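# Structural overview
Here is what each chain is made of, one letter per residue.
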Amino acid sequence: MQPIYLDYAATTPAAPEVAAAMAECLTLDGNFANPASRSHLYGWQAEEAVEQARGQLAALLNADAREIVWTSGATESNNLALKGICRPGDHLLVPSIEHKAVLDPAQALAEQGVNLELVQPDTYGQIDPARVASMMRPETRLVSVMLVNNELGTINPIAEIARFCRERGCLLHVDAAQAVGKIAVDVKALDVDLLSVSAHKLYGPKGIGALYVRRSADVQLEAQIHGGGHERGMRSGTLPTHQCVGFGVAAELAGAELETEARRIAELRDALWQGIGTLPGVRLNGHPSARVAGHLNVAFDGIDGEMLLLSLRQLAVSSGSACTSASMSPSYVLKAIGLSDAQALSSIRFSVGRYTSVQDIDRAIAHIRDVVGKLQVKAG
Ligand SMILES: Cc1ncc(COP(=O)(O)O)c(C=O)c1O
């Protein structure tokens, strides 16, 4: 029997509607042309499809279509946002529990003379707006805070952080890779300047993302990829029509089903927690209520994390550790919210999604209870 997929936070399968729309943009009888080809019908049709997709994504974010820049994924969007804005001497504020796709470009900027300061989260993995405000300086150019933490699912109070940024005259970038498609993300209500999205987290294809860039004189983004001047000079490269179209369809589907899907997924996630939360030594990592529907990050105290992951063979899940060549190292996110190395190593992230069934959850609960029971006997 195939393992039950409970790793939707890592990636989602493309929705069948997405795959079907993409398949129509590949071959000679489909919409295959270069969207930048201005001299023939094929090019115009491809451009129309790309612009329709741009509109679909913009609608999901309550943005203007002209504010959407296509990229290869949230990693590139984050790089473009941070490197496109910050210059040597600027002050940059970033929480210590951001995804590496923010932390690594921030570190690269620090090596080039940007003054990087890390903001510590609270024990739920939330970023306190007052703490961010207290760290702002006159030369603070950019604050970059994720909307939803990828490990914990904790939701950050972005609109409040944005208010401080406006008051102090600095820009706000938000990595929303784990939020879009799971909760309503309205760039105007949040009042952000830049926002990163990834298609493969919302049942779109891998290899495409977008950066929302607010149309405003103070958001001057310097391109990081040059050549051809695509995307109004902000990101060059031939647009992949099939990827854009797939992203657009995924965005429209996500918007149409947002609330009902989140409710259904939250019920499944809660059923999973009820089924395993009563086991001895089990506790929830992250915020109990301010979190997205699909995430459930759990520490299994007193159990060896590596053994646990190896034993949960009927499940596809993520652990609270990163595999380096020699050993398992505990997650820096879990460590930052106060877990010990052992607790972080014994943590598992379950993430539920669109295609998870009640039967999947029942099977997962029985399997986890069985495995944890056996490992606890061994440890005892
Ligand atoms: C919060 C967050 N940011 C960025 C990324 C990277 O996104 P992509 O795979 O589109 O480059 C991920 C994916 O794991 C993520 O969870």
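Residues numbered from 1 in each chain as written. Predicted model: local features only at pLDDT ≥ 70, side-chain atom pairs only at ≥ 80, totals over all residues. Heavy atoms only, no water.

As annotated in an unreviewed UniProt entry, the chain is cysteine desulfurase from Gilvimarinus algae. Heading Catalytic activity (unreviewed entry) of the UniProt record for the chain holds this comment: "(sulfur carrier)-H + L-cysteine = (sulfur carrier)-SH + L-alanine". UniProt, in its Sequence similarities (unreviewed entry) section for the chain, records the words "Belongs to the class-V pyridoxal-phosphate-dependent aminotransferase family. NifS/IscS subfamily." (UniProt positions renumbered as here; feature names shortened; annotations may be inferred.)

## Observations concerning the state of the cysteines
Applying the stated criterion to the full structure yields zero disulfides. The thiol sulfur of C25 is not disulfide-bonded, and the nearest other cysteine sulfur, from C244, lies at 9.3 Å. Counting only cysteine sulfurs, C165 is the nearest neighbor of C170, a cysteine outside any disulfide, at a range of 3.9 Å. (Disulfide = S-S within 2.5 Å.)

## A look at the pattern of salt bridges
With the rule as written, the count across this model stands at 18 salt bridges. Among the salt bridges present, the one from R54 reaches E231, with a minimum N-O distance of 2.9 Å. Here the residue R54 occupies a position in helix α2 (residues 41-61), and E231 occupies one in the loop between β8 (209-213) and α8 (241-276), the gap between them amounting to 177 residues. On the basis of relative accessibility, which here comes to 6%, the residue R54 falls in the buried class. Under the relative-accessibility criterion, E231 is labelled buried at 7%. A salt bridge links R269 to D270; its shortest N-O distance comes to 3.0 Å. For R269, a relative accessible area of 7% translates into the label buried. (Salt bridge = Lys/Arg side-chain N within 4 Å of Asp/Glu carboxyl O. Helix = DSSP H or I, 4+ residues; strand = E, 2+ residues; numbered from the N terminus. Buried < 20%, exposed > 50% of the residue type's maximum accessible area, 1.4 Å probe, protein only.)

## As for the packing of helix α1 (residues 16-23) against α8
Running from amino to carboxyl end, α1 crosses α8 at an angle of 150 degrees, the nearest separation of the two axes being 8 Å. On the basis of their axis angle, the class for α1 and α8 is roughly antiparallel. Our pair here, α1 against α8, has a crossing hand that is right-handed. Between α1 and α8, the contacting residues are E17, V18, A21 and M22 on the first element and H242, Q243, V245, G246, V249, A250 and L253 on the second. (Axes fitted to C-alpha atoms, helices over the stretch in contact; angles between N-to-C directions. Parallel < 35°, antiparallel > 145°, perpendicular 65-115°, else oblique. Left-handed = near helix turned anticlockwise from the far one by under 90°. Contact = heavy atoms within 4.5 Å.)

## Here we look at the pairing of strand β7 (residues 194-198)
Taking burial as the measure, the five residues of β7 include five buried ones, the bulk of the element. Of the two faces of β7, the one lined by L194, S196 and S198 and the one lined by L195 and V197 are each fully buried. Bridge analysis of strand β6 (residues 171-175) against β7 gives three bridges, and the strand direction is parallel. Each residue of the ladder has a partner; that of V174, found in β7, is L195. As judged from the five bridges shared by β7 and β8, these two strands associate in the antiparallel manner. Counterpart to L194 in the pairing with β8 is V213. (Pairing = 2+ DSSP bridges.)

## What about the sheet that holds strand β5 (residues 140-144)?
Pairing within the open sheet is mixed, and its seven strands lie in the order β2-β8-β7-β6-β5-β3-β4. Only two strands of the sheet have a single neighbouring strand rather than two, namely β2 (68-71) and β4 (115-119). Neighbour to neighbour, the strand axes of the sheet diverge by 20 degrees on average, direction disregarded. Packed onto the sheet, helix α4 (residues 100-111) meets β3 (91-95), β4, β5 and β6 and runs at close to 155 degrees relative to β3. Of the strands in this sheet, β5 and β6 touch helix α6 (residues 158-168), which is tilted by about 160 degrees from β6.

## Side note on the sheet that holds strand β10 (residues 295-300)
Spatially, β9-β10-β15-β12 is the arrangement adopted by the four strands of the open sheet, whose pairing is antiparallel. Unpaired on one side and paired on the other, β9 (282-285) and β12 (318-319) mark the two borders of the sheet. Note that β9 and β10 share four bridges and pair antiparallel. Following the sheet pairing, L284 is matched in β10 by V298.

## Quick notes on the site of the ligand
Near the ligand there are 14 residues, and of these T75, D175, S198, H200 and K201 occur at the shortest range. The contact in question runs from an oxygen atom of the ligand to an N or O atom on the side chain of T75, over 2.5 Å. Residue Q178 places a side-chain N or O atom 2.8 Å away from an oxygen atom belonging to the ligand. Protein chains bury 85% of the 400 Å² of accessible surface belonging to the ligand in isolation. Among the elements that take part in the shell around the ligand, helix α3 (residues 74-85) stands out by supplying three residues, more than any other. A breakdown of the residues in the shell around the ligand according to their chemical character gives four nonpolar, eight polar and two charged. (Near = heavy atom within 4 Å. Polar contact = N/O pair within 3.5 Å; in protein donor to acceptor, adjacent residues only side chain to side chain. Areas by Shrake-Rupley, 256 points an atom, 1.4 Å probe, with all protein chains shown as cover. Nonpolar A, V, L, I, M, F, W, Y, C, P; charged D, E, K, R; others polar.)

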